[in-house]
Amino acid sequence: MRYFCFSVFLSLVLGSSQNALAENTAPSVAEFPGQIEVLNSHNISNLIDGVVTEVHFKPGQFVEVGDILYSIDPALYELALKTRRLNTVRAETALVSARQDLERIKKLKDRGSATEVQLLKAEVALDVGEAMIEQAKAELKLAEFDLEATKIRAPISGVISHSEVYPGAYVETGREPLARIDQMDPVRLSFKLPYVERIEQLVVDDLRSPSEVLDKFTLQIRLSETWVYSETTKPENISSRVDPSDGTLTVWSELANPNFQLRPGMSVTVLSVMNPE
């Protein structure tokens, strides 16, 4: 039953029924209003507090994943890292000393020159030393992370917006995003089609499984009266519910955009047709 319902829906994307194909007539093209949406978008945020020393991009620039977008004054974080490194060395030295003391107390205890209490204290000192070195190493890693975070990098490739802050600004964690990157290739194509109306208009025969039916459809978009976009795609996902305000279902698909001609927010006309057998 679920295959039946899904296949019925997919057949709605077609502008003509399979009966027309059986009669060797060219299938008509169904048109639906659609929109280009961003497939992946990331807000750029700072993970540490500090003063912005440099903005490394311009609005509308294409950035690659890993590119440095902002620099935050690293002075305090460099000092903190140096301190953590010294603390780690100090903790390592203390741990070595604690181990040596324990070995010495054990030998004295074997000769009857040390008490059980002294041995217990040496063992506790070793446990404390091991805990201190683990804490020092953790704090060192955190300091290294904070220093690295003074370079804010692009998490994805795409086109970046204008910057919300400029050199000299003090930024705190938890503030509004500094900028936004939109992935441009591929983009998402979405369009709505009237569900009940299309069921009434079409005669759907020879229903198949969803995967088979999906391969039957080709989608293309028209940007203007004379400009049909060269890339094609296929329907991939549909909304689970009918929009009660207009009785439509939403269809989504990914569409290649290698030259960035398509921009999120564009209104387009979706052309849908079934591929011939």
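Residues numbered from 1 in each chain as written. Predicted model: local features only at pLDDT ≥ 70, side-chain atom pairs only at ≥ 80, totals over all residues. Heavy atoms only, no water.

## A closer look at the overall build of the protein chain
Turning to step 1, where the next piece is worked out: The helix and strand tally for the protein chain stands at 6 helices and 14 strands.
Turning to step 2, where the next piece is worked out: Burial statistics for the protein chain: of 277 residues in total, 35% are counted as buried.
Turning to step 3, where the next piece is worked out: Restricting to contacts in the protein chain with at least 6 residues of sequence separation, those with at least 24 account for 77%.
Turning to step 4, where the next piece is worked out: In the structure as shown, the protein chain presents an accessible area of about 16,100 Å², 53% of it carried by carbon and sulfur atoms. (Helix = DSSP H or I, 4+ residues; strand = E, 2+ residues; numbered from the N terminus. Buried < 20%, exposed > 50% of the residue type's maximum accessible area, 1.4 Å probe, protein only. Contact = heavy atoms within 4.5 Å. Areas by Shrake-Rupley, 256 points an atom, 1.4 Å probe, with all protein chains shown as cover.)

## Some remarks on the layout of surface pockets
Turning to step 1, where the next piece is worked out: By volume, the largest pocket amounts to about 150 Å³.
Turning to step 2, where the next piece is worked out: What lines the largest pocket is N43, I44, S45, L47, A149, K151, I152, R153 and P155.
Turning to step 3, where the next piece is worked out: Broken down by secondary-structure element, the contributors of at least two residues to the lining of the largest pocket are β2 (41-44) and β6 (151-153).
Turning to step 4, where the next piece is worked out: Of the residues contributing to the lining of the largest pocket, the split by class is 5 nonpolar, 2 polar and 2 charged. (1 Å grid on protein atoms, 1.4 Å probe; cavity = no way out; pocket = protein on both sides within 12 Å on 5 of 7 lines; lining within 4 Å. Points joined across faces, edges and corners; volume = space filled by probe spheres on them. Nonpolar A, V, L, I, M, F, W, Y, C, P; charged D, E, K, R; others polar.)

## What about the pairing of strand β5 (residues 68-72)?
Turning to step 1, where the next piece is worked out: Counting buried positions along β5 gives 4 out of 5 residues, so the element sits mostly inside the fold.
Turning to step 2, where the next piece is worked out: Of the strand pairs in this sheet, strand β3 (residues 50-55) and β5 are connected by 3 bridges, and their pairing is antiparallel. Note on β5: the bridge partner recorded for E54 is S71.
Turning to step 3, where the next piece is worked out: Here 3 bridges tie β5 to β6, and the two strands are oriented antiparallel to one another. What sits directly across from S71, in β6, is K151. (Pairing = 2+ DSSP bridges.)

## Observations concerning the nonpolar core
Turning to step 1, where the next piece is worked out: Core analysis: the largest hydrophobic core is formed by 19 residues, its most contacted members being I44, L69, Y70, I160 and I181.
Turning to step 2, where the next piece is worked out: Top element by residues in this core is β5. It accounts for 3 residues.
Turning to step 3, where the next piece is worked out: Residues in contact with I44, not counting those within four places in the same chain, are L69, Y70, I152, P155, P177, L178, A179, R180 and I181.
Turning to step 4, where the next piece is worked out: Among the nonpolar cores identified, the runner-up in size contains 16 residues, and A30, F191, L223 and Y229 belong to it. (Core = buried A, V, L, I, M, F, W, Y, C linked by side-chain atoms within 4.5 Å.)

## Points about the sheet that holds strand β8 (residues 170-171)
Paired through backbone hydrogen bonds, the strands of a sheet run either parallel or antiparallel to each other.
Turning to step 1, where the next piece is worked out: Reading across the sheet, the 4 strands line up as β6-β5-β3-β8 and stay open at both edges, with antiparallel pairing between neighbours. Two strands in the sheet have a free side with no partner beyond their single neighbour: β6 and β8.

## Side note on unusual backbone geometry
Turning to step 1, where the next piece is worked out: Across the junction of D185 and P186, the peptide omega takes the value 0°, indicating a cis bond.
Turning to step 2, where the next piece is worked out: As for its placement among the helices and strands, P186 is situated in the loop between β9 (179-182) and β10 (187-194).

## Some words on the packing of aromatic side chains
Turning to step 1, where the next piece is worked out: The full count for this structure, using the stated rule, is 3 aromatic pairs.
Turning to step 2, where the next piece is worked out: The interplanar angle of 20° and the centroid separation of 5.6 Å between the aromatic rings of F32 and F191 together place this pair among those described as stacked. You can see F32 sitting in strand β1 (residues 30-37) and its partner F191 sitting in strand β10, a full 159 residues away along the chain. The same class applies to F32 and to F191, which are both buried.
Turning to step 3, where the next piece is worked out: Here the aromatic rings of F57 and Y70 are separated by 5.4 Å at their centres, their planes lie at 85°, and the arrangement is edge-to-face. (Phe/Tyr/Trp six-rings, centres within 6.5 Å; stacked < 30°, edge-to-face > 60°.)

## Looking at the environment of L262
Turning to step 1, where the next piece is worked out: Here L262 shows up in the loop between β13 (248-255) and β14 (267-274).
Turning to step 2, where the next piece is worked out: Using a relative accessible area of 0% as the deciding quantity, one classes L262 as buried.
Turning to step 3, where the next piece is worked out: When the C-alpha positions of L262 and M184 are compared, they lie 8.0 Å apart, and in sequence the two are 78 residues distant.
Turning to step 4, where the next piece is worked out: Not counting chain neighbours up to four residues away, the residues in contact with L262 comprise I36, M184, V187, I221, L223, Y229, L255, A256 and N257.

## Brief notes about helix α4 (residues 116-148)
Turning to step 1, where the next piece is worked out: The end-to-end C-alpha distance of α4 is 48 Å, a good match for the 48 Å that 33 residues give at a rise of 1.5 Å each.
Turning to step 2, where the next piece is worked out: Next to the buried residues of α4 lie α3 (75-110). (Expected span 1.5 Å × (residues − 1).)

## With respect to the pattern of salt bridges
Turning to step 1, where the next piece is worked out: This model, assessed by the stated rule, comprises 8 salt bridges.
Turning to step 2, where the next piece is worked out: The shortest N-O distance in the salt bridge between D243 and K192 comes to 3.1 Å. Linking D243 in the loop between β12 (237-238) and β13 with K192 in strand β10, this pair joins segments that are 51 residues apart in sequence.
Turning to step 3, where the next piece is worked out: When its relative accessible area of 23% is taken as the criterion, D243 is described as partly exposed.
Turning to step 4, where the next piece is worked out: Linked through salt bridges whose partners overlap, the residues forming this network are K192, D243 and D246. (Salt bridge = Lys/Arg side-chain N within 4 Å of Asp/Glu carboxyl O.)

## Notes on the confidence of the model for the protein chain
Turning to step 1, where the next piece is worked out: Per-residue pLDDT for the protein chain has a mean of 86; in total, 82% of the residues score no lower than 70.
Turning to step 2, where the next piece is worked out: Under a pLDDT of 50 for its full length, residues 16-23 has, in the predicted model, 14 contacts with residues more than four places off or in other chains. (pLDDT = per-residue confidence, 0-100.)

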